[in-house]
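# Residue-level structural notes
The lines below spell out each chain.
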Amino acid sequence: MSNTDYDVVVIGGGPSGASAAEQLAKQNYRVLLLERAFRIKPCGGAIPPCLIDEFEIPEDLLVARIRSARMISPTEKKVDMPVGETFVGMVDRDVFDPWLRERAVTAGAELRIGAFKALHYDDDGVLHIDFQSKEAGLESVSVTTRSVIGADGARSNVARQAIPCSKNARWVLAYHEIVEAPAANDELYDGDRCDVWYQGDLSPDFYAWVFPHGRHASIGVGSETDGFSARNSVATLRAKTGLDTCQTVRREGAPIPMKPLKRWDDGKGVLLSGDAAGVVAPASGEGIYYAMLCGKIAAQTMDEFLQVGDARILGDARRQFMKLHGKTFWALGLLQRIWYRSDKRREKFVSMCQDKDVQELTWQAYTQKQLVKRRKTAHLRVALKDIGNLIGLTRAS
Ligand SMILES: Cc1cc2nc3c(=O)[nH]c(=O)nc-3n(C[C@H](O)[C@H](O)[C@H](O)COP(=O)(O)OP(=O)(O)OC[C@H]3O[C@@H](n4cnc5c(N)ncnc54)[C@H](O)[C@@H]3O)c2cc1C
């Protein structure tokens, strides 16, 4: 199959696709990175320090360094959770994503601007990719390839065409407004602090947020509930926080997947990665780190597949990712189901966040994506307190 145009076509040049393309190009594969560059990805832009280290992100891409999170309960009880020695980085996706794509190009990938339309296999098993090319005046273009990585985000068109189980995917619909940040910090807004609002009238099943971004701030909300008005909710939150008087820069929304798909490959030559595969942490909606890690794993798996030619290898990508983070996703899914269900539970949840063990483990899990083994007794204490709180709550209700 060496007479194809490419070895791999990566569809979608967000964090996942750009990372996969960079890695494969470094290994001298002929890589096409196809990106429609249709709009700025709606995103809070919070990234953990382990992402900055692992994916060698230059410090000058960070527009803010967050030193604490403040959890706000239904009765407006406020719990500060200082990050400690480290910080949460904030990136602007209109700069971050093009930078990642440019790095893939420097590594040897070919970047083309166009919208993926269709894929099919011919009788020889060669994949044909059709896309509408922006560079060619929106002409339809077709290329051939040995394999495809579908990294075209939530509600992936690649997944729809190649992976039947993707139609069962679950999403939270997230919406946010980007505003000019207030010039000075006060009790309501602090440029070094993320505020996370757990109130049923702001979100019946997820949370609302205020994330500072240097000159700008993101004020947003997520929910899975049909008919829920995210716009009204953000308007309420802006009024509560005094951010209603700030100039609005953009209004935008997008789905956040809430569960990894059961299958990421088509058993022939297509593999999904990132949001397209559903890898976003439940409860928090954190997806950038997982998308980039997934891109790296997808690239390693594709490398083996291209060398060996056995399509069963493609299943290793999901197995490897779930081995690393499946348990965390499961635990966060449980946390979301238990604590995001009613204001009574949200109140208790925010109270639990006062606990120093809870704070330490939360930040450790977020910033490092692993738990330090010597803190096993603290894990046990948190689990017991969690169960104790839940039993107390069930008895009281
Ligand atoms: C409002 C909101 C706030 C969020 N906040 C955070 C946060 O603070 N921190 C965090 O970690 N995560 C956050 N997330 C989640 C995070 O944005 C995603 O998990 C992450 O962007 C996934 O990366 P990805 O590369 O898989 O997909 P995407 O970033 O969605 O990239 C997909 C790419 O594919 C391209 N594409 C799509 N269709 C086609 C096509 N047909 N042809 C060609 N190209 C195509 C798109 O243009 C895009 O560039 C948030 C999400 C939302 C919606």
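One structure accompanies this document, and this report is about it. (Residues numbered from 1 in each chain as written. Predicted model: local features only at pLDDT ≥ 70, side-chain atom pairs only at ≥ 80, totals over all residues.)

### Some words on the nonpolar core
- Membership of the largest hydrophobic core comes to 108 residues, with the highest contact counts inside it found for Val10, Ala21, Val31 and Val158.
- A per-element tally of this core places helix 6 (residues 288–308) first, with 12 residues.
- Once residues within four sequence positions are removed from consideration, Val158 is found in contact with Ile11, Phe116, Leu119, Val148, Gly150, Asp152, Val270, Leu272 and Ala276. (Core = buried A, V, L, I, M, F, W, Y, C linked by C-beta atoms within 7 Å. Buried ≥ 20, exposed ≤ 12 C-beta atoms within 10 Å, placed from the backbone. Helix = DSSP H or I, 4+ residues; strand = E, 2+ residues; numbered from the N terminus. Contact = placed C-beta atoms within 7 Å.)

### Overview of the sheet that holds strand 13 (residues 208–213)
- Strand order in the open sheet formed by seven strands is 6-5-12-13-14-11-15, with mixed pairing between adjacent strands. Both outer strands of the open sheet, strand 6 (78–82) and strand 15 (248–257), are each paired with one neighbouring strand and no more. Neighbour to neighbour, the strand axes of the sheet diverge by 20° on average, direction disregarded.
- Examined bridge by bridge, strand 5 (residues 68–72) and strand 6 share five bridges and lie antiparallel to one another. Counterpart to Met71 in the pairing with strand 6 is Val79.
- Most of the contacts of helix 5 (residues 230–241) go to strand 14 (residues 216–223), to which it runs at about 135°, and overall it touches strand 11 (171–180), strand 12 (193–197), strand 13, strand 14 and strand 15. (Pairing = 2+ DSSP bridges. Axes fitted to C-alpha atoms, helices over the stretch in contact; angles between N-to-C directions.)

### Some remarks on the site of the ligand
- Neighbouring the ligand are 37 residues; Gly12, Gly14, Gly44, Gly274 and Gly287 lie closest to it.
- Those elements that place two or more of their residues in the shell around the ligand are helix 1 (15–26), strand 2 (31–35), strand 8 (110–121), strand 11, strand 15 and helix 6.
- The greatest single-element share of the shell around the ligand, amounting to three residues, is contributed by helix 1.
- Class assignment for the residues of the shell around the ligand results in 16 nonpolar, 14 polar and seven charged. (Near = placed C-beta within 6 Å. Nonpolar A, V, L, I, M, F, W, Y, C, P; charged D, E, K, R; others polar.)

### Structural notes on the pairing of strand 13
- Most of strand 13 is tucked away, with six of its six residues classed as buried.
- By the alternation rule, side chains of strand 13 split into Ala208, Val210 and Pro212 and Trp209, Phe211 and His213, which are all buried.
- Adjacent in sequence and paired antiparallel, strand 13 and strand 14 are bridged by two residues, among which Gly214 carries a positive phi angle near 65°.

### As for the environment of Glu54
- As for its placement among the helices and strands, Glu54 is situated in helix 2 (residues 49–54).
- Judged by local crowding, Glu54 falls into the partly exposed class, with 14 C-beta atoms found within 10 Å.

### Some remarks on helix 1
- Compared with an ideal rise of 1.5 Å per residue, which puts 12 residues at 16 Å, helix 1 spans 17 Å between its outermost C-alpha atoms and is within 8% of the ideal.
- Across the 12 residues of helix 1, 11 count as buried, placing the element largely inside the fold.
- Along helix 1, the residues that are buried comprise Pro15, Ser16, Gly17, Ala18, Ser19, Ala20, Ala21, Glu22, Gln23, Leu24 and Ala25.
- For helix 1, the elements touching its buried residues are strand 1 (6–11), strand 2, helix 3 (93–107), strand 10 (139–150) and helix 6.
- Positive backbone phi, at 70°, marks Asn28, one or two positions downstream of helix 1. (Expected span 1.5 Å × (residues − 1).)

### A word on helix 9 (residues 356–368)
- Relative to the 18 Å expected for 13 residues at 1.5 Å per residue, helix 9 spans 18 Å between its end C-alpha atoms, a close match to the ideal helical length.
- Among all positions of helix 9, only Gln359, Trp363 and Tyr366 are buried. One face of helix 9 carries all of its buried residues, which in axial projection span an arc of 70°.
- Those residues of helix 9 that are buried lie in contact with strand 6.
- Of the residues one or two after helix 9, Lys369 is the one with positive phi, at around 60°. (Arc of directions from axis to C-beta.)

### A few points about the packing of helix 6 against helix 7 (residues 315–339)
- It is the contact of helix 6 with helix 7, at a shortest axis distance of 9 Å, that shows an interaxial angle of 140°. Overall, the two elements helix 6 and helix 7 adopt an arrangement that is oblique. Considering only the axes of helix 6 and helix 7, their crossing is right-handed. On the side of helix 6, the interface is formed by Tyr290, Cys294, Ile297, Ala298 and Thr301, while helix 7 contributes Asp316, Ala317, Gln320, Phe321 and His325.
- Grouping the constituent residues of the contact of helix 6 with helix 7 by class yields six nonpolar, three polar and one charged. (Parallel < 35°, antiparallel > 145°, perpendicular 65-115°, else oblique. Left-handed = near helix turned anticlockwise from the far one by under 90°.)

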